[in-house]
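Structural overview for review
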Amino acid sequence: MIYRKESGTLYEQLVGKLEQQIADGTLRQGDKLPSENMLAKENSISRVTVRQALKLLSEMGLIETKKGIGSFVAVASDPNDVQNKVSSFLQRFEDNFKQAIQIKILIEPTIAKNAAKKPNSREIAQMADYWQCMHHAKSKKQYNELCVAFHLALVETAQNPLLLQFYQKLEKLEEMYLHDLLLPSDKSKKLRQTDIDQHGKILQAVRQGNSEMAYLYTLEHLQYFYNYYTNLRRNDADETETK
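First, a word on what this report is: a plain description of the structure on this page. (Residues numbered from 1 in each chain as written. Predicted model: local features only at pLDDT ≥ 70, side-chain atom pairs only at ≥ 80, totals over all residues. Heavy atoms only, no water.)

1. Remarks on the overall build of the protein
- In terms of regular secondary structure, the protein is built from ten helices and two strands.
- Written out in order from the N terminus, the α and β elements of the protein read α-α-α-β-β-α-α-α-α-α-α-α.
- Every one of the 243 residues in the protein was classed for burial, and the buried ones make up 42%.
- For the protein, restricting intrachain contacts to residue pairs at least 6 apart in sequence, the fraction spanning at least 24 positions comes to 71%.
- Split by element, the accessible area of the protein, about 13100 Å² in all, is 50% carbon and sulfur. (Helix = DSSP H or I, 4+ residues; strand = E, 2+ residues; numbered from the N terminus. Buried < 20%, exposed > 50% of the residue type's maximum accessible area, 1.4 Å probe, protein only. Contact = heavy atoms within 4.5 Å. Areas by Shrake-Rupley, 256 points an atom, 1.4 Å probe, with all protein chains shown as cover.)

2. Digging into the side chain of E108
- Of note, E108 is situated in helix α4 (residues 79-115).
- Here H151 takes part through its side chain, which lies 2.4 Å from a polar atom of the side chain of E108.
- Polar contacts involving the side chain of E108 include one to the side chain of Y167, which spans 2.7 Å.
- With residues near it in sequence (within four places) discarded, E108 still touches H151, L154, Y167, T218 and L222. (Polar contact = N/O pair within 3.5 Å; in protein donor to acceptor, adjacent residues only side chain to side chain.)

3. Some points on the nonpolar core
- Counting residues in each nonpolar core, the largest one holds 25 residues, and the members touching the most others are L18, I22, L54 and L62.
- Where this core is concerned, the elements lending two or more residues are α1 (10-24), α2 (36-43), α3 (47-60) and α4.
- What L54 contacts, discounting residues up to four positions off in sequence, is L18, L33, E36, L39, I63 and S71.
- A112, A115, A128 and V206 belong to the second-largest nonpolar core, a separate cluster that totals 22 residues. (Core = buried A, V, L, I, M, F, W, Y, C linked by side-chain atoms within 4.5 Å.)

4. What about the pattern of salt bridges?
- Per the counting criterion, the structure on display carries six salt bridges.
- Put simply, K113 and E212 hold a salt bridge, and the shortest N to O gap is 3.4 Å. Residue K113 is found in helix α4, and its partner E212 is found in helix α10 (residues 211-242); the two are separated by 99 residues along the sequence.
- Look at K113 and you get partly exposed, because its relative accessible area is 28%.
- What makes E212 partly exposed here is its relative accessible area of 46%.
- For R122, the salt bridge goes to E123, with nearest N and O atoms at 3.1 Å.
- One salt-bridge network, held together by shared partners, links E36, R47 and R51. (Salt bridge = Lys/Arg side-chain N within 4 Å of Asp/Glu carboxyl O.)

5. Examining the packing of α4 against helix α7 (residues 161-174)
- Where α4 contacts α7, the axes come no closer than 8 Å and their chain directions differ by 150 degrees. Crossing handedness for the pair α4 and α7: left-handed. In this structure, α4 uses F93, N96, F97, A100, I101, I103, K104, I107, E108 and I111 to contact α7, whose residues at the interface are L163, F166, Y167, L170, E171, L173 and E174.
- Looking at the contact of α4 with α7, its residues break down into twelve nonpolar, one polar and four charged. (Axes fitted to C-alpha atoms, helices over the stretch in contact; angles between N-to-C directions. Left-handed = near helix turned anticlockwise from the far one by under 90°. Nonpolar A, V, L, I, M, F, W, Y, C, P; charged D, E, K, R; others polar.)

Fair warning: the whole summary comes from geometry, so function is off the table for now.
This is the structure we're talking about:
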């Protein structure tokens, strides 16, 4: 299972709980899940949190949600079947993630290099604001929204609406915050600090008008995360094979 009930955010805990119940047969294929209100009450969480959990379970293919009717278990009560669904979901995400990052590696360093030629622009001031807010983000979701905003502000320095639209689609494809949610909490905290430091280097180089370092720091940042997540998934696969 990818989630542990005892750790993580409230909706991660609910995802782990429902995933386990589906795998062990407590919830069987075709069973209707309790209502959002009931799940919220039983787990002492908000309906918004319940919806987040159900959305992720639906994306994994473990449940099917019918508007106005409810959510139903979509797989057989077989741990292997459940794990296959989760693995397939992760693979689809990983493929999208890799492709999005590869495109960014080709484009974004050059954008940063050009941005350093106009260090006093409104967009760079916005980048600084987002970077400061990243230090105080209260949730993973909020933090990753700030990361996306930082990069989109950088892209806006190019003053190219088509490029900005393309980048917004890339961010959607990448869904970086979702991959962060799949990390154990200790790794997530370490990753966040590295991420803050790397964003700070990019920002400093751009503000100082250092085009070459802005290019290199942006390239370093993107390559780091591409390699980090690729190695993380490879290590997870190796651990699974040895069990």
